[in-house]
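Next come the chains, spelled out residue by residue.
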Amino acid sequence: MPALWIAHVTVTDEEAYGRYAALAGPAVAAHGGRFIARGGRFVQLEGKERPRNVVARFDSVEAAEACYHSPEYQEALSHARQASERELLIVETSE
């Protein structure tokens, strides 16, 4: 079943986060993921508001998880860890 990778992000260092983004996009694509939302307009109804919200679609939970643990994405993530506050989760979809 398809899965969504959902990230809620507050960027604290734009330059370092830019390095993350430059590497993360190709890593996601290499694992069959495609972005369906990247920082667009949103309405926060509950919980902690994060100004950047990103959603990528993968073929499965396993594919999304493999992307996260891949050396390519981990390299990208090394730039985001000190440059942002974030939550990331994977959700299996019914479609």
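It should be noted that the structure appears before, not after, this text.
Please read all numbers here as calculations on a predicted model, not as lab measurements.

Asker: I'm lost on the packing of helix α2 (residues 61-69) against helix α3 (residues 71-80) in this one. Help?
Answerer: Taken N-terminus to C-terminus, the directions of α2 and α3 make an angle of 55°; their axes are 5 Å apart at the nearest point. When the axes of α2 and α3 are compared, the pair comes out oblique. On α3, the residues that touch C67, Y68 and H69 of α2 are P71, Y73, Q74 and L77. The class makeup of the residues in the contact of α2 with α3 is 5 nonpolar, 2 polar and no charged.

Asker: When you look at the sheet that holds strand β4 (residues 84-92) in this model, what are you seeing that I'm missing?
Answerer: Sheet strands pair via backbone hydrogen bonds, and the direction of the pair is either parallel or antiparallel. Taking strand neighbours across the sheet as the criterion, the 4 strands line up as β2-β3-β1-β4 in an open arrangement whose pairing is antiparallel. Both edges of this open sheet fall to β2 (34-38) and β4, since each of them pairs with a single strand only. Going across the sheet, the axis of each strand differs from the next one's by a mean of 20°, ignoring polarity. Its contacts with the sheet place α3 against β1 (3-11) and β4, and it is angled at close to 145° to β4.

Asker: Can you walk me through the packing of aromatic side chains in this structure?
Answerer: Each aromatic ring pair is specified by the distance between its two centres and by the angle formed by the two planes. Scanning all chains against the criterion turns up 6 aromatic pairs. Ring plane angle 15° and centroid distance 5.3 Å describe the contact between W5 and F58, whose orientation is recorded as stacked. In this pair, W5 sits in strand β1 while F58 sits in strand β3 (residues 52-58), placing the two residues 53 residues apart along the sequence. There is no split in this pair, since W5 and F58 are both buried. Their ring planes at 45° and their centres at 4.9 Å tell us that Y17 and Y20 sit as a pair that is tilted. Of the two residues, Y17 and Y20 are both situated in helix α1 (residues 14-30); the distance of 3 residues between them amounts to about one turn of the helix. No difference in accessibility class separates Y17 from Y20, as the two residues are buried. Members of the aromatic cluster, joined through ring pairs, are W5, Y17, Y20, F58, Y68 and Y73.

What counts, and where the lines are drawn
- Residues numbered from 1 in each chain as written.
- Predicted model: local features only at pLDDT ≥ 70, side-chain atom pairs only at ≥ 80, totals over all residues.
- Heavy atoms only, no water.
- Axes fitted to C-alpha atoms, helices over the stretch in contact; angles between N-to-C directions.
- Helix = DSSP H or I, 4+ residues; strand = E, 2+ residues; numbered from the N terminus.
- Parallel < 35°, antiparallel > 145°, perpendicular 65-115°, else oblique.
- Contact = heavy atoms within 4.5 Å.
- Nonpolar A, V, L, I, M, F, W, Y, C, P; charged D, E, K, R; others polar.
- Pairing = 2+ DSSP bridges.
- Phe/Tyr/Trp six-rings, centres within 6.5 Å; stacked < 30°, edge-to-face > 60°.
- Buried < 20%, exposed > 50% of the residue type's maximum accessible area, 1.4 Å probe, protein only.

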